[in-house]
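# Structural characterization, general
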Amino acid sequence: MCDDPLLPPAVAAALADYRSLRNTFDVRWGEPPLGYVVQAWATVFLDNRYGYWAAALRQAAEHHPGVPAEDLEDYLGEVDPDRVVRDALGGDVLDNLAALRLTPEGCLLEADTQVVLGSSPFRTGLLLDSSRDEPVTVVVDGIPYTLGPRGAKVVEVAESVLVGGRPIDLSPLSRRAETAAIRVRAGFPCRWSVMGANGQGWYPRGVPPKRDAHRRPYFHGDDLVVEVPAEPITVGVARGMEYTTAEIVVTPEAGATTLVELTPERLYDAAARGWYGGDLHVHLNWMGEEPAAPALAATAQHGEDLHVLNLVAGNVASERVYDVEALEHWAGKDLPWSDDRHLARLGVEYRNDVVGHCTAFGLREPPRRYHSGFRGTADWPPNAVALEELRALGGVTGYGHPFHTPFGDDDPPDVVIDRGRSCAAREIVADAALGLIDTLDVLNHSSIAATAAVYRRLIGAGNRLAVTAGTDAVLSFCRRGTASSPPGWERVYANVAGPLTAESYAEAILLGRTFATTGPWLELTVNGHGPGDTLQLSPGQRVEIAVSSVGPEVETLEIRTADGVLAQGPPGRLTAFVSVREPTYVVAVASGGPHPRSMHRSGAYAHTSPVYVDVAGGHVAREADVRWCLAWLDRLEVVLRRFGTFETPEQLGDHLALYERAREVYRRRLT
């Protein structure tokens, strides 16, 4: 028996191993330098204001001048990330990264001055930025760093910096303030933000210093004490997307504890209507600044009032599968902090960077395989083999963070199946035709618009897929945009019959009774039927379509069918009547621009699963969409032949045979 039900021995040992990796290496935990591994280190400093990829591609072009621009992504694992950070910042300084400018004329320290309480120690990142044409050595806390001509290096500094034997005045880095304390209380678990006038975050002791996609500091819990400076402090409270936010400015007294009672108000109550919101793609550990224990997930789930949390075990760029020990311990069981309104399970992200990353929810036991195609190994077997296994183990299967390239409703497949190893969900067109995939994360951290366009093509071609959401939040990251945002910042709401269980939630998803959202509540009915239902109509029969929304971020409502946008209007309620002559589907979409309630860079968005409209016994299989899927498979074959890694012709042949089986399905739909 273990003393802590949230930290069984194998999970505790794995967590200690992750801490050792972090301490020995850095936030990359010693993972091989794939492009997104290097980027993970850089984005601890670069948020959405700064273009990592543009700076990295410029550097790759410098190193490989003969390489075509479209192939430069293959070299992003080779870039110097310190230089990329320097170039992307363009002269700016950050709260966690001061800059020492080494110019031909001398040295200049630039910093966003941070507040330090009393005599507490202070440490921060420091960018050594040289514009000199000759090498220069900088000694930081007794450690010498030599920069090449016009070089850059990110280090940590606590006490001293010497250049040419002369000390640098470090006073711009910090200022001391008297210590006060606040006690934050809402009466139930919430997400809190405690921030100084300069944007500096303050946290309870021992709590990771998290920042969300808006760069807001946050932590979860209730009735917590936070040490702060005795000066004006902004305290905010939120609780996921079903609540509003509340905020107050207080000036706590030095040496005393000030009680701050603040409560967010409900905007809507989904569970009261039988709808439960889940995040189907969350990592406990996957590189990062602070390895995360299960207790952190428990606090976050309850603090966000997130009904369903799917923590996925997965690799990064090597054989190591993070949190597999937790999966092996809890597979098929509700995690210990689950209750009648909050369900947490361990699942899987199966990863291949050529044909896509798949997730599974509701597994009864761990699978035999977790990835393919890493460290020069073969991109084999096809994802279909893993999906069959995950299905056999009780998993609801879906593709996560599906598409990254901007893509429109009328674009051909070669726009989104653009090149190389990009993690895009390329195999989904085959897997959907063969009935091996259940869902698509239309709501994700990448391109929602592109994913929604592909999704509508897939269902228009006769595939039945539920709309889902997976944030790819990583609890071990503290500052990485949406990855360090709280789980559940996007959710899939499923209309559950009866009590919330893993089985009832999975069933609701499989039936397509879902919508996914960055925050807005979105309802759709067709003749009174909701998403997942199928109407059997006669040619020319008239139907009434009604859409309603709740949420201040919504600007536009849309009703879409297989033929495109049927009706559009302002938020609140939208209705339309249509006489149906051919099989189709009906979905609703809500959208809006950037908003504090939405952590996706593109703004607010919600999308329902379809209400299917069969006519004279026929199911929707729009010819244009079917031919689009066939063109996708042709393009995928070209990409796989060029970028795939195979040890034998038979391994490639397994992929090609899968695509041919899918083609046969689509061809039959044409007739």
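An account of the accompanying structure is given in this report. (Residues numbered from 1 in each chain as written. Predicted model: local features only at pLDDT ≥ 70, side-chain atom pairs only at ≥ 80, totals over all residues. Heavy atoms only, no water.)

A separate point is the packing of helix 10 (residues 448-460) against helix 12 (residues 623-643). Two elements in contact, helix 10 and helix 12, have axes whose closest approach is 8 Å; the angle formed by their N-to-C orientations is 115°. When the axes of helix 10 and helix 12 are compared, the pair comes out roughly perpendicular. Helix 12 is crossed by helix 10, and the crossing has left-handed handedness. Only Ala624, Asp625, Trp628, Cys629 and Trp632 of helix 12 make contact with helix 10, whose side of the interface consists of Val454, Arg456, Arg457, Leu458 and Gly460. When grouped by side-chain class, the residues that make up the contact of helix 10 with helix 12 number six nonpolar, one polar and three charged. (Axes fitted to C-alpha atoms, helices over the stretch in contact; angles between N-to-C directions. Helix = DSSP H or I, 4+ residues; strand = E, 2+ residues; numbered from the N terminus. Parallel < 35°, antiparallel > 145°, perpendicular 65-115°, else oblique. Left-handed = near helix turned anticlockwise from the far one by under 90°. Contact = heavy atoms within 4.5 Å. Nonpolar A, V, L, I, M, F, W, Y, C, P; charged D, E, K, R; others polar.)

Right, let's talk about the sheet that holds strand 18 (residues 257-261) for a bit. Sheet strands pair by backbone hydrogen bonding; their relative direction is either parallel or antiparallel. The three strands are arranged 15-11-18 in an open sheet whose pairing can be described as mixed. Two strands in the sheet have a free side with no partner beyond their single neighbour: strand 15 (224-229) and strand 18. Taking each pair of neighbouring strands and ignoring which way they run, the sheet shows an average axis angle of 30°. (Pairing = 2+ DSSP bridges.)

Attention shifts here to the packing of aromatic side chains. Under the counting rule described, the total for this entry stands at 19 aromatic pairs. Residues tyrosine 52 and tryptophan 53 carry aromatic rings whose centres are separated by 5.0 Å and whose planes lie at 80° to one another, so their mutual orientation is edge-to-face. On the basis of relative accessible area, tyrosine 52 is assigned to the buried category, the value being 3%. Here tryptophan 53 falls in the partly exposed class, since its relative accessible area comes to 38%. Put simply, the rings of Tyr268, Trp275, Tyr493, Phe515 and Trp521 touch in pairs and so form one group of aromatic residues. The side chain of arginine 480 reaches across the aromatic face of phenylalanine 477, ending 5.2 Å from its centre. (Phe/Tyr/Trp six-rings, centres within 6.5 Å; stacked < 30°, edge-to-face > 60°. Buried < 20%, exposed > 50% of the residue type's maximum accessible area, 1.4 Å probe, protein only. Lys NZ or Arg CZ within 6 Å of the ring centre and 35° of its normal.)

This part takes up helix 5 (residues 294-303). Counting buried positions over the 10 residues of helix 5 gives seven, a clear majority of the element. After helix 5 finishes, the residue aspartate 305 shows a positive phi value of roughly 50°.

Take the packing of helix 12 against helix 13 (residues 649-670) next. At their nearest, the axes of helix 12 and helix 13 sit 9 Å apart, and the two run at 170° to each other. By the angle class used here, helix 12 and helix 13 are roughly antiparallel. Judged by residue contacts, Glu623, Val626, Arg627, Cys629, Leu630, Leu633, Asp634, Leu636, Glu637, Leu640 and Arg641 of helix 12 engage Leu652, His655, Leu656, Tyr659, Ala662, Arg663, Tyr666, Arg667, Arg669 and Leu670 from helix 13. Classifying every residue of the contact of helix 12 with helix 13 by side-chain character gives 12 nonpolar, one polar and eight charged.

Among the structural elements, aspartate 169 can be located in the loop between strand 9 (166-167) and strand 10 (174-177). Each C-alpha atom of the pair aspartate 169 and glycine 240 lies 44 Å from the other, and the pair is 71 residues apart in sequence.

Quick look at the side chain of arginine 479 now. Topologically, arginine 479 is positioned in the loop between strand 27 (473-474) and strand 28 (491-495). At a separation of 2.9 Å, a polar atom in the side chain of arginine 479 contacts the side chain of aspartate 95. If we skip the residues at most four places from it in the chain, arginine 479 touches Thr43, Val44, Asp95, Asn96, Arg211, Glu289 and Ser484. (Polar contact = N/O pair within 3.5 Å; in protein donor to acceptor, adjacent residues only side chain to side chain.)

Here the focus is the pattern of salt bridges. Taken as a whole and judged by the stated rule, the model has 49 salt bridges. For arginine 22, the salt bridge goes to glutamate 290, with nearest N and O atoms at 3.7 Å. With a gap of 268 residues between them, arginine 22 in helix 1 (residues 9-24) and glutamate 290 in the loop between strand 19 (275-283) and helix 5 connect regions that are remote in the sequence. Across the salt bridge formed by aspartate 47 and arginine 215, the nearest N and O atoms sit 3.8 Å from each other. Taken as a pair, aspartate 47 in the loop between helix 2 (35-42) and helix 3 (52-63) and arginine 215 in the loop between strand 13 (210-211) and strand 14 (217-221) lie far apart in primary sequence, 168 residues in all. Judged by relative accessible area, aspartate 47 falls into the buried class, the value being 16%. One network of salt bridges, with partners in common, ties together Arg239, Glu242, Arg266, Asp269, Asp305 and Arg341. (Salt bridge = Lys/Arg side-chain N within 4 Å of Asp/Glu carboxyl O.)

Turning our attention to the nonpolar core. The nonpolar side chains of soluble globular proteins are, as a tendency, buried together. Ranked by size, the top nonpolar core spans 107 residues in total, and within it Ile428, Leu458, Tyr505, Trp632 and Tyr666 carry the most contacts. Sorting elements by how many residues they give to this core places helix 12 first, with 10 residues. Tyrosine 505 has contacts with Tyr276, Gly277, Gly278, Leu280, Val308, Phe361, Val492, Ala494, Val496 and Leu500, leaving out every residue within four places of it along the chain. With 29 residues, the next largest nonpolar core counts Leu537, Val543, Leu557 and Val613 among its residues. (Core = buried A, V, L, I, M, F, W, Y, C linked by side-chain atoms within 4.5 Å.)

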